[in-house]
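Residue-level structure breakdown
This is what each chain is made of:
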Amino acid sequence: MAESDTIDPGLDPVGRVAELRAAIAHHNQRYYEADAPEISDADYDELVRELALIEAEHPDLVTPDSPTQRPGGSASAQFAPVVHQVAMMSLDNAFDDGELRAWGDRLVRRIETAAQATFVCEPKIDGLAISIRYEHGRFVQAATRGDGRVGEDVTANVGTLSCVPHQLPAGAPSVLEVRGEVYMPVSAFEALNARQDAAGERRFVNPRNSAAGSLRQKDATVTASRELALWAYQLGAIEDGPSFERHADTLEFLRSLGLPVNPEIRSVPTLEEVYAYCREWEARRHDLDYEIDGVVVKLDDLALRTALGSTSRAPRWAIAYKFPPEERTTPLRAIQVSIGRTGRATPFAVLEPVFVGGSTVGMATLHNEDQVRIKDVRPGDVVVVRKAGDVIPEVVRPVLELRPEGLAEWTFPTTCPACGEALVRAKGESDTFCVNVDCPAQRAGRIIHFASRGAMDIEGLGEQRVYQLCDLGLVADVADIYTIDWDQVLALEGYGELSVANLRSAIEASKDQPLARLLVGLNVRHLGPAGAEALAAGFGSLDAIMVASEDTLAAVEGVGPIIARSVVEFFAVERNRIVVDKLRAAGVNLNGPVGGVGAVLDQTLTGRSVVVTGTLAAYTREEAEAAIKARGGKSPGSVSKRTTAVVVGDEPGASKLTKAEELGVPILDEAGFETLLETGELP
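Residues numbered from 1 in each chain as written. Predicted model: local features only at pLDDT ≥ 70, side-chain atom pairs only at ≥ 80, totals over all residues. Heavy atoms only, no water.

Looking now at the packing of aromatic side chains. What the rule picks out here adds up to 11 aromatic pairs. Summarising the aromatic geometry, the rings of Tyr183 and Tyr290 are spaced 5.4 Å apart at their centres and angled 55 degrees between planes, so their arrangement reads as tilted. Of this pair, Tyr183 sits in strand E7 (residues 175–183) while Tyr290 is found in the loop between helix H9 (271–284) and strand E10 (292–299), placing the two residues 107 residues apart along the sequence. Side by side, Tyr183 and Tyr290 carry an identical accessibility label, which is buried. Aromatic pair Tyr321 and Phe323: ring centres 6.1 Å apart, planes at 80 degrees, arrangement edge-to-face. The residues Tyr321 and Phe323 share a single accessibility class, namely buried. Pairwise contacts between aromatic rings join Tyr183, Trp231 and Tyr290 into one cluster. The aromatic ring of Trp281 is capped on one face by Arg284, whose charged end is 4.2 Å from the ring centroid. (Phe/Tyr/Trp six-rings, centres within 6.5 Å; stacked < 30°, edge-to-face > 60°. Helix = DSSP H or I, 4+ residues; strand = E, 2+ residues; numbered from the N terminus. Buried < 20%, exposed > 50% of the residue type's maximum accessible area, 1.4 Å probe, protein only. Lys NZ or Arg CZ within 6 Å of the ring centre and 35° of its normal.)

Printed below as a string of C-alpha cells:
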C-alpha cells in the first residue's frame, strides 16, 4: 500500500474503511493499553496510511472518530483519567525523502518568505509519550498521552525515574507542563533480559514495549527497578513563566531547569540541512544507547506555528520522518536447514516476502536448534522479522495471538538435507553438523568462500556459478578452480566468450593474492583475517606454517592456542595437504612478507586511531582494521577529535564523513591509506 499510494479501483470503499477502522482500533488497544502489539509499527502505519488514502478520495466517509482524525489510542481503565490542559497531538508522517520534501515545500508556500523557515530537528525516540506537570516548581502529576485529550495517571511510576526532578529551581513557573518521551536504554533492556534469563523467565520483546509496560505497572517499585529514562522535548501549559519566540529557546529553558533534553537536537536554517540531518541519523540510528525510529522536524518560530495551526490530530508545522522499518510481521511458510562450508546445519525461515530494513526479505536466519525451540516459531505462524541495516535478517518471535489452533511444533532433522548422512550434535554444543566432508553442500560452500571478497576475491565466481560447476563435476575442491576445462564451460548455456575470458582472467589474477588471503580462503576453523595476517607476517610462507608446532604457532602475536590447534589439525589432514600441492602446481602464491617466527610489522601507527568507512579495493573491512592494529594502531567504529585519519572507500558512511569534516580530521583514499600503513605519515 505504502509503495504504490494508489487504491484498487475495484475496492468497496465503505466496507474497506470499516475493516481498517476496526483493525486499527484493535491494534491501538493492543499497543496502548495491553502493551502487547500483534503487528509492527510499520504494518500499523500501512493500515492508517491506506485509511487516509481512501478518505482522501472519498471525503464523505470521514468521521470525527476516525483514527485519521485523532491522535494515539485511548486511556486504560486501570489508571485514573487525566485531562490534558493542552492537548497532546500526534504527528503526520513522511516515509521517504520525497514525502519529506513535499511537506517542506508546502510549509514554505504557507509562510511569507523561505528565510523565515528555520527548523529544529530531533531524533524520534521509540518510547512512550508523557506529560509531566509541575506547580510552583513541585512535581505533582504525570500522565500518558492516551487519546491526546485524556491520558492515564502514572504519577507514582514517573516519580521513580531518577532523571525526573521532583523540585525545580527557584523562579520556576507556577504551572509548567513538560512533554517528553519515556524510554528504556538499550543497555538497561539487555540487562533486564539477562535477569529474565537467569530467573528462567520469558524475555522481553523490545525496549519500547518494555518501557511502556514498565511505566504502566500498578506497583511503582517494579517501574523503579527497570531503569527507565526521559527526554523532554516540548512545553505544554505554562503559567507565570517567560515568553519565548523560538522552540530552541524553550528547550534551553527546560535544560536550565534540570530536565533532560537530548543533546543530539539541532537547530538548522534550511530545509536542505533538515534532509541532511535525516540522512545522517538514518545511518547512525544504532550509535545511541536508545532506539530511534525517525527524526522529528519542527518549525522553530513559535508565532509561525500559531499562524499555521493544526488539523484535528496533528500540527501543520511539524512532521515525523520515519526510517525504513527494521521490524515487520509476515507469515512463516516453512523452516528449512542449510549446510555451510564447515558442515554446520543452520535452520532458516522461508517467509512471505516483506519489505524490511530497506530491502525485500524472503528468508531469515533462526541460528540453531535451541533458538528455534526457545522462540517457539512454527511453520504457519505470523512472525516478527527484524533486519537492521546490513545485518542478516532474523526471526524475532511468533505473534502467539495469531497462531492457528493445533499448529505443530517444528523438529530439527536427523539427516543432512544435502547428502543424507546423519547430523551430529556434540554434547554441550549448540550447533549441529554434517560430518561428511564429501557432502556436496560443504564442498560448494568451501569453494564459494575461497572465491569470496574476503579471501581470494575472484570476481564473477559467485554462488550460482560455483553450484553449476560442482554439479557438472568441473570442480571438486578449491584448487580445481585453477584447472577448469574451459572448453566444457564454453559449451554451457549462459557462458559466452567474453564472460569466460573475464572469469579466467579473474582466476589467474587471484594467484598473486597475498598469503593471508589464501590462508583465509583455505577455511581453517577459527582463523580469520587478523590471525591469517599475523601468521603470514610471522612465518613468511605456507610451507613454514604447515610444519610449525602448536607452541610455535601460538607464540605469534594475535594467534594463540585455539587458532594454533586448528591450523595444526587442518594441515594434518591428507586431503588438505593434497589441495595445497595442487595450488602450488597451479602457481598460486604461497609466500608472504619476509619475517621470522613471532616477527611483527613495523609499528608505524602506535598511538594512532584510524577509522575506515566504505568499500576498499584491496582490503575487506576486517582486513583493513587488522592491518591498522598489526601496526600498533586502533580502528574504532566512530570518528572523534582523537581520530588520526578517516580512510574512505566506495559508498562510505555519510555520518563518518560529515563528522570528519566538522572536526577537520584528514580524509584519505586507498593510496593514502597504503602510505599511512607503510610510513605512519599522512600523505
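Further remarks concern the sheet that holds strand E21 (residues 667–668). Taking strand neighbours across the sheet as the criterion, the 3 strands line up as E19-E20-E21 in an open arrangement whose pairing is parallel. On the outer flanks of this sheet lie strand E19 (610–613) and E21, each paired with one strand and no other. Judged from the 2 bridges that link them, strand E20 (residues 645–648) and E21 form a sheet pairing that is parallel. Within E21, the position partnered with Val646 by the bridge is Ile667. (Pairing = 2+ DSSP bridges.)

Another point: the packing of helix H12 (residues 440–451) against helix H13 (residues 463–471). One way to put it is that H12 packs onto H13 with a least axis distance of 9 Å and a crossing angle of 135 degrees. As far as their axial angle goes, H13 and H12 are oblique. Considering how the two elements wind past one another, H12 and H13 form a crossing that is right-handed. Only Glu463, Val466, Tyr467 and Cys470 of H13 make contact with H12, whose side of the interface consists of Ala444, Ile447 and Ile448. Its residues assigned to classes, the contact of H12 with H13 comprises 6 nonpolar, no polar and 1 charged. (Axes fitted to C-alpha atoms, helices over the stretch in contact; angles between N-to-C directions. Parallel < 35°, antiparallel > 145°, perpendicular 65-115°, else oblique. Left-handed = near helix turned anticlockwise from the far one by under 90°. Contact = heavy atoms within 4.5 Å. Nonpolar A, V, L, I, M, F, W, Y, C, P; charged D, E, K, R; others polar.)

Bringing helix H21 (residues 574–586) into the picture now. Its 13 residues give H21 an end-to-end C-alpha distance of 19 Å, which sits within 8% of 18 Å, the value for a rise of 1.5 Å per residue. Those residues of H21 that fall on the buried side of the exposure criterion are Asn576, Val579, Val580, Leu583 and Ala586. Each buried residue of H21 lies within a common arc of 120 degrees when the element is viewed along its axis, so the set occupies one face. Pointing more than 90 degrees away from the buried face of H21 are the exposed residues Glu574 and Ala585. The secondary structure elements touched by the buried residues of H21 are H12, helix H16 (515–521), helix H18 (542–547) and helix H20 (560–571). (Expected span 1.5 Å × (residues − 1). Arc of directions from axis to C-beta.)

Below, the discussion takes up the pairing of strand E4 (residues 128–135). Most of E4 sits inside the fold, with 7 of its 8 residues counted as buried. Of the pairings in the sheet, the one linking E4 to E7 comprises 8 bridges and is antiparallel in character. When the bridges of E7 are listed, Glu135 appears paired with Val175. Looking at chain direction, E4 and strand E5 (residues 138–144) are connected through 6 bridges and run antiparallel. Of the residues in E5, the one forming a bridge with Ser131 is Ala143.

On to the nonpolar core. Among soluble globular proteins, nonpolar side chains are generally buried collectively. Formed by 58 residues in total, the largest nonpolar core has its most connected members in Ile458, Tyr482, Leu518 and Leu542. The contacts of Ile458, once residues within four sequence positions are left out, are Ala451, Ile481, Tyr482, Leu503, Ala506, Ile507 and Ser510. If you look at the next biggest cluster of nonpolar residues, it comprises 36 residues, including Leu176, Leu230, Ala248 and Leu259. (Core = buried A, V, L, I, M, F, W, Y, C linked by side-chain atoms within 4.5 Å.)

This part takes up the confidence of the model for the protein. A residue-level look at the protein finds 93% of positions with pLDDT of 70 or above and a mean pLDDT of 87. Under a pLDDT of 50 for its full length, residues 595–599 has, in the predicted model, 13 contacts with residues more than four places off or in other chains. (pLDDT = per-residue confidence, 0-100.)

What follows covers the sheet that holds strand E8 (residues 229–239). What the 4 strands build is an open sheet, ordered E5-E4-E7-E8; its pairing is antiparallel. Strands at the two margins of the open sheet, each flanked by one partner only, are E5 and E8. Direction aside, neighbouring strands of the sheet carry axes that sit 25 degrees apart on average. Sheet strands touched by helix H6 (residues 207–215): E4 and E7. Its angle to E4, the strand with the most contacts, is close to 40 degrees.

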